[in-house]
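As a plain string of letters, each chain reads:
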Amino acid sequence: MKLSMTLNYSGDPVQAAATAADYEKAGVDMIWVAELYSFDAVSILGYLAAKTETMELASGIFPIYSRTPALTASTAAGLDAVSQGRFVLGLGASGPQVIEGWHGVKYDKPLTRTRELIDICRIVWRRERLEYQGEAYTLPLPADQGSGLGKPLKLINRPVRENIPIWVASLGHKNVSMTAELADGWLPVFFHPDKARDVWGDDLDDGFAKRSSDLGPLQIAAGGTVAITDDKSVADGIRDFARPMTALYVGGMGAKGKNFYNNIFKRYGYEEEAEKIQDLYLDGKKDEAAALVPDDFLDATAMVGDEGWVKERIQAYKAAGVTHLQITPVGDKPLEIIEKVKAWAE
């Protein structure tokens, strides 16, 4: 397995880039830059391209609604050029609270838009004239919807690669199936290595049955916190760091009945906990909601404990099909943790 990490999107980008360069030297193969209602990811990814040498630089994720398909494609090509072929285009639908609240764009047809966006990006990167007749996108814009002056164009620059890897953050049945069919990689959230096959196996198999052999095997990035300690009380405390964030997503990322993360938690078998966490979180009782995050979920997804336990959880992720182990090292010597995990993952 390769190692991947997520850059802190709420801190100082310059310091974060310096840290990323250190992580690269320690063995991290890929770094993800999120784009929420924070600084844009493109600026930071371009800066990272100048400050790193070998690691892949990935958008984690570009929301599919915030850019036109052609701009997404040309941005990806530009980032791939400045990084000399190291960019990975991570795409996702985000959610209606961000898309309609921050961007003021209607949140509709996420599956259709993702599928068509992937098609359009690959057309642009092949430098074909951009003509597309889809359900969500029609290019050029039809005359009855605009001035009638639109014309099919092709990318002026020649991309470094015409097959820039596309990864999709997906959770729902149809979206995971589409990811397995069309994407180079998959970004699942709350990936439970011991239960992943039961929850997503059928969806993945459905997509694999329609997958082109040209794409190669589907890459998967998943993981969690890493800390190496023989002290159980310390391990429990570090493992609990994930409680507030888990409660935020399961309880607060979306309205009642419209929370994708809550749904996946239920599919893992935590139906009662998911309901209670959401009710408490939406009532403003965040600490009580965090306390209800199941211990066995935290134990299974975190890699926190003595060396034997950490190695065991790394192998569990590998057995579940993870190709890029996503890690968040915790401790006084994060670079040493990365080096150890790198050796164990390989």
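Described in the following lines is the structure provided in the data block.

Conventions used here
- Residues numbered from 1 in each chain as written.
- Predicted model: local features only at pLDDT ≥ 70, side-chain atom pairs only at ≥ 80, totals over all residues.
- Heavy atoms only, no water.
- Patch = residues over 30% accessible without salt bridge, like charges linked within 9 Å, V, L, I, M, F, W, Y side chains within 5 Å.
- Areas by Shrake-Rupley, 256 points an atom, 1.4 Å probe, with all protein chains shown as cover.
- Salt bridge = Lys/Arg side-chain N within 4 Å of Asp/Glu carboxyl O.
- Lys, Arg positive; Asp, Glu negative; His and termini not counted.
- Charge placed at Lys NZ, Arg CZ, Asp CG, Glu CD.
- Helix = DSSP H or I, 4+ residues; strand = E, 2+ residues; numbered from the N terminus.
- Buried < 20%, exposed > 50% of the residue type's maximum accessible area, 1.4 Å probe, protein only.
- Contact = heavy atoms within 4.5 Å.
- Polar contact = N/O pair within 3.5 Å; in protein donor to acceptor, adjacent residues only side chain to side chain.
- Axes fitted to C-alpha atoms, helices over the stretch in contact; angles between N-to-C directions.
- Parallel < 35°, antiparallel > 145°, perpendicular 65-115°, else oblique.
- Left-handed = near helix turned anticlockwise from the far one by under 90°.
- Nonpolar A, V, L, I, M, F, W, Y, C, P; charged D, E, K, R; others polar.

A cluster of basic residues, Arg129, Lys151, Lys154 and Arg158, forms a positive patch on the protein surface. Relative to the assigned elements, Lys151 resides in the loop between strand E7 (138-139) and strand E8 (166-169).

Below, the discussion takes up the environment of Ser59. Its location among the elements puts Ser59 in strand E3 (residues 56-59). Ser59 gets classed as buried once you look at its relative accessible area, which sits at 0%. Other than its neighbours up to four places away in sequence, Ser59 contacts Trp32, Val33, Leu45, Phe87, Val88, Leu89 and Gly90. A polar contact of 2.8 Å, which involves the side chain of Ser59, links it to the backbone nitrogen of Gly90.

Moving on to the packing of helix H2 (residues 41-51) against helix H3 (residues 69-82). Two elements in contact, H2 and H3, have axes whose closest approach is 9 Å; the angle formed by their N-to-C orientations is 20 degrees. For the element pair H2 / H3, the angle class is roughly parallel. In this structure, H2 meets H3 at a crossing whose hand is right-handed. Between H2 and H3, the contacting residues are Val42, Leu45, Gly46 and Ala49 on the first element and Thr75, Leu79 and Val82 on the second. Across the contact of H2 with H3, the residue classes tally to five nonpolar, two polar and no charged.

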